[in-house]
Number of protein chains: 4
Amino acid sequence: MTQFPSELLGGYRSFMAGRYTDERDRYRKLAESGQKPKTMVVACCDSRAAPETIFDMGPGELFVVRNVANLVPPYTPDGEHHGTSAALEFAVQALKIREILVLGHGRCGGIQAALNPESEPLSPGDFIGSWMGMLKPVADAMLSYTTMTAGERQTALERVSIRNSINNLRTFPCVKILEDQGRLKLHGAWFDISTGELWVMDPQTGDFHRPDL
Amino acid sequence: MTQFPSELLGGYRSFMAGRYTDERDRYRKLAESGQKPKTMVVACCDSRAAPETIFDMGPGELFVVRNVANLVPPYTPDGEHHGTSAALEFAVQALKIREILVLGHGRCGGIQAALNPESEPLSPGDFIGSWMGMLKPVADAMLSYTTMTAGERQTALERVSIRNSINNLRTFPCVKILEDQGRLKLHGAWFDISTGELWVMDPQTGDFHRPDL
Amino acid sequence: MTQFPSELLGGYRSFMAGRYTDERDRYRKLAESGQKPKTMVVACCDSRAAPETIFDMGPGELFVVRNVANLVPPYTPDGEHHGTSAALEFAVQALKIREILVLGHGRCGGIQAALNPESEPLSPGDFIGSWMGMLKPVADAMLSYTTMTAGERQTALERVSIRNSINNLRTFPCVKILEDQGRLKLHGAWFDISTGELWVMDPQTGDFHRPDL
Amino acid sequence: MTQFPSELLGGYRSFMAGRYTDERDRYRKLAESGQKPKTMVVACCDSRAAPETIFDMGPGELFVVRNVANLVPPYTPDGEHHGTSAALEFAVQALKIREILVLGHGRCGGIQAALNPESEPLSPGDFIGSWMGMLKPVADAMLSYTTMTAGERQTALERVSIRNSINNLRTFPCVKILEDQGRLKLHGAWFDISTGELWVMDPQTGDFHRPDL
């Protein structure tokens, strides 16, 4: 018999009895005609920040990349295995996505790691260290902001990093061109896990504020 | 005023009125005590295959990496930005995850790309080509299985790729050690978008079958 | 006849007809026995941030100093006219205040001036420049935090300044002694004029967070 | 957890449930467009004499300086930290205030201190002594008016001090010029804490009388 986790099987059972039953036709259509999501979300792996949950979205609605700290690397066409860049290329070129949202969140473990460069690597490979190294310039700057508390620096870097990823998105020629033509929009948002507050980025100033709901 | 997509704001409103209201205390606790998920899922970016939806999971339950075609690369400690490896390291070493599930699905666009190596790159960078290149050996073998239909080869590679990723997981020393000690379990599953069927991998044989529900 | 502003006379009429009538005895007692407020508030002159309004407080409850940007200068016993220090001395020594709150707020014009040191003085006397000069060290540091937006620097300095004033409070021997004896407590809070949110300072970390209400 | 005073949190709760709810739009507008008060009030820190209460004024209506005994020092452009002068400059030059009211009140502790120069300083710094020293000339004169009772001298000095502060206001070039042009008006008023009576100053004679309501 299978060792497949019983919580997952139990959850799958309630999915089948609930949402799937309600949306059987939708799933069938989505299978036949293929996915046509309008929106791509770059989110964090964090178990508390699933975009489908926060935005109450159903099947077919969000094309989602999730990596540690929701980072977008700059355009680097070197033939290496760039997972996030591959997803971006697929979303923009194949799926003709119209909106890209970089979704950050509070108490992000990856951002915390970036603000503690001296801490022991988690493994000899130090993959987190290398991954968060993408933020090193802004993280180092943030570490020098000594009038702010550690908590304030963490929240600030979570938001700086979102702007940083949005700037990196613009280094991809396809993104730049489509945005300039008004056919693609880039957005930033930050989710407060504790209070459930969503803060959205003002595209002009880069400031985050609570939207009118 | 912000151009933030109205569908997302609308979805957030119903999240706040619904799930968040029901689970306010849980969110607060998750914020204060930090996330402690038992399970990590490597899933695809596909908008039809969100693990939180398929397994009806709530906040704090699943640590989720999503990349194109739910691939796990082999252990490569070269200091490059390996997003999936960083997430794996964080999940296993920092979060002490107990189960890792590689979740594939039908009609996967990434797998389809791997089976059409001659097709035009989506962009000069050809990030999808490079990313799916990870599967080249098995994809090339699959292309030689000429007695199978294109559809059969697609489904077959979707499952071969899951076994391939699970093998790559074992190239990470921390995964290998913990699995040998019985403190970490690796699982595979495949979701049929059209029928909603979940097929789980037999850890001994590698075969996929419908679980008893 | 008097040129006394009619809005003020009108407001006074409704005070007499309303609150005063309800609290006539309280006013009489407060006159006879003298004021015995438990709490002193250092607030800003800003017309949108009156502490009696934000905390819905009545006559006799709050001893209130209001100056531009709710600043407390450090202890400087030089015989000059130090209005805020005089109020502090009176509150602590004569009124035996038990709690002191430094109340800041968003979009503070004084803080904005501190972050724009190059801007033209408002008058030859440049009193605002001299007054906000008290914050020069932290304001200069903040101006170097270039990864943050102007809006983020403003909010950050509004909060840094509150911590700075609380530290300055502790330079007054009477405050230091009574706080060490647990007979006087110092608090910080920040009011968001736009959303009405109150953020209170954690006395340990200095971070500002939303209180449970 | 925070030690923030529960009375203040309770008061904030009723503010949010009451006034803020009623005036949410007004607060939002005041945040976006900035404050535009027509009137500045120089009032005392006394907990029984909050101008927003006495004049029943809402958010955005009064720009308020509060110091001990509602004093305005004379124009002294020496680069020192003059809190009241800074507030005055900001109100007149930046906010283009049209009316300035110096609001005194009965049983003022600061005035009482000025009439008891022999009394023990409250602290080695003697900040109250130095602050009220501004009134020394008029206070000394008052002390020689031996046919008046102590109570009469107190009330008399409370009113003399208001006229004195209004004269000091006129030593500020910007105030003098705007008043001469009829673009700024200066007012005096005195509030009787015990009876709730408001007495306003006749701008010609300097006498205080009850206004017609």
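Residues numbered from 1 in each chain as written. Chains lettered and ligands numbered in written order. Predicted model: local features only at pLDDT ≥ 70, side-chain atom pairs only at ≥ 80, totals over all residues. Heavy atoms only, no water.

An unreviewed UniProt entry lists chain A under the name Carbonic anhydrase, from Georhizobium profundi.

Side note on the side chain of B:Ser194
Our working rule: Helix and strand definitions follow DSSP, with helices as H or I runs of at least four residues and strands as E runs of at least two, each counted in order from the N terminus. The contact criterion used throughout is that any non-hydrogen atoms of two residues lie within 4.5 Å.
The residue B:Ser194 is located in the loop between strand 4 (185-191) and strand 5 (198-201) in this model. When near neighbours in sequence (up to four residues on either side) are disregarded, B:Ser194 contacts A:Tyr20, A:Tyr27, A:Arg28, A:Ala31 and B:Arg107.

Thoughts on the UniProt feature "binding site: Zn(2+)" (unreviewed entry) in chain A
Residues and elements named next belong to chain A. Short version of the rule: UniProt positions are given in the numbering used here, feature names are shortened, and annotations may be inferred rather than shown by experiment.
According to UniProt, the positions carrying the feature "binding site: Zn(2+)" (unreviewed entry) are Cys44, Asp46, His105 and Cys108. Spanning 65 residues, the annotated positions come together in the fold, the maximum distance between their C-alpha atoms being 8.9 Å. One can find Cys44 in strand 1 (residues 39-44). Ignoring anything within four residues of it in the chain, the contact list for Cys44 reads Ala49, Arg66, Asn67, Val68, Ala69, Asn70, Leu103, His105 and Cys108. Non-local contacts of Cys108, meaning those with residues more than four positions away in its chain, are made with Cys44, Ala69, Gln154 and Glu158.

Concerning the domain arrangement of chain A
Residues and elements named next belong to chain A. Where we set the bar: For each domain, the first and last residues come from an automatic or database assignment. Defined in terms of a 1.4 Å probe, buried area is the accessible area two parts forfeit on being brought together, summed over both. Salt bridges are defined by distance alone: a side-chain nitrogen of Lys or Arg within 4 Å of a carboxyl oxygen of Asp or Glu. Residues adjacent in sequence count toward polar contacts only when both atoms are side-chain atoms; beyond that, a polar contact is any pair of N or O atoms within 3.5 Å, and within protein one must be able to donate a hydrogen and the other to accept it. By the convention adopted, Pro, Cys, Tyr, Trp, Phe, Met, Ile, Leu, Val and Ala count as nonpolar, Lys, Arg, Asp and Glu as charged, and the other residues, Gly among them, as polar.
Domain annotation of chain A identifies domain 1 (1-33) and domain 2 (35-209). Listed per partner, the contact involves six residues of domain 1 and seven residues of domain 2. Across the domain 1/domain 2 interface, buried area totals approximately 500 Å², and carbon plus sulfur atoms make up 48% of it. Sorting the residues of domain 1 by area buried against domain 2 places Arg19, Arg26 and Leu30 first, and these three jointly supply 71% of that buried surface. Here domain 1 and domain 2 share one salt bridge between them. Put simply, Glu61 and Arg26 hold a salt bridge, and the shortest N to O gap is 3.5 Å. Where domain 1 meets domain 2, there are two residue pairs in polar contact (both at pLDDT 80 or more). Here the side of domain 1 that touches domain 2 takes four residues from helix 2 (residues 24-33), the largest share from any one element. Considering only residue class, the side of domain 1 that touches domain 2 consists of two nonpolar, one polar and three charged.

Overview of the interface of chain B and chain A
On the side of chain A, 93 residues touch chain B, which itself brings 91 residues to the contact. Summing both sides of the interface, chain B and chain A together bury roughly 8000 Å²; the carbon and sulfur share of this comes to 66%. The interface formed by chain B and chain A holds four salt bridges in total. Run the count over chain B and chain A and you get 39 residue pairs in polar contact (both at pLDDT 80 or more). The element contributing the most residues to the side of chain B that touches chain A is helix 1 (residues 6-22) of chain B, with 11 residues. Here the side of chain B that touches chain A is composed, by residue class, of 44 nonpolar, 27 polar and 20 charged.

As for the pattern of salt bridges
This is how the line gets drawn: Accessible area is worked out with a 1.4 Å probe on protein chains only. A residue is then buried under 20% of its type maximum, exposed over 50%, and partly exposed in between.
One pass over the full model with this rule turns up 49 salt bridges over all chains. The salt bridge partner of B:Asp140 is B:Lys136, with a shortest N-O separation of 2.5 Å. Of this pair, B:Asp140 and B:Lys136 both sit in helix 7 (residues 136-143), four residues apart, which is roughly one turn of that helix. By relative accessible area, which is 34% here, B:Asp140 ends up partly exposed. The class of B:Lys136 is partly exposed, set by a relative accessible area of 46%. Salt bridges here are not isolated pairs; linked through shared partners, they connect A:Arg19, A:Glu23, A:Arg26 and A:Glu61.

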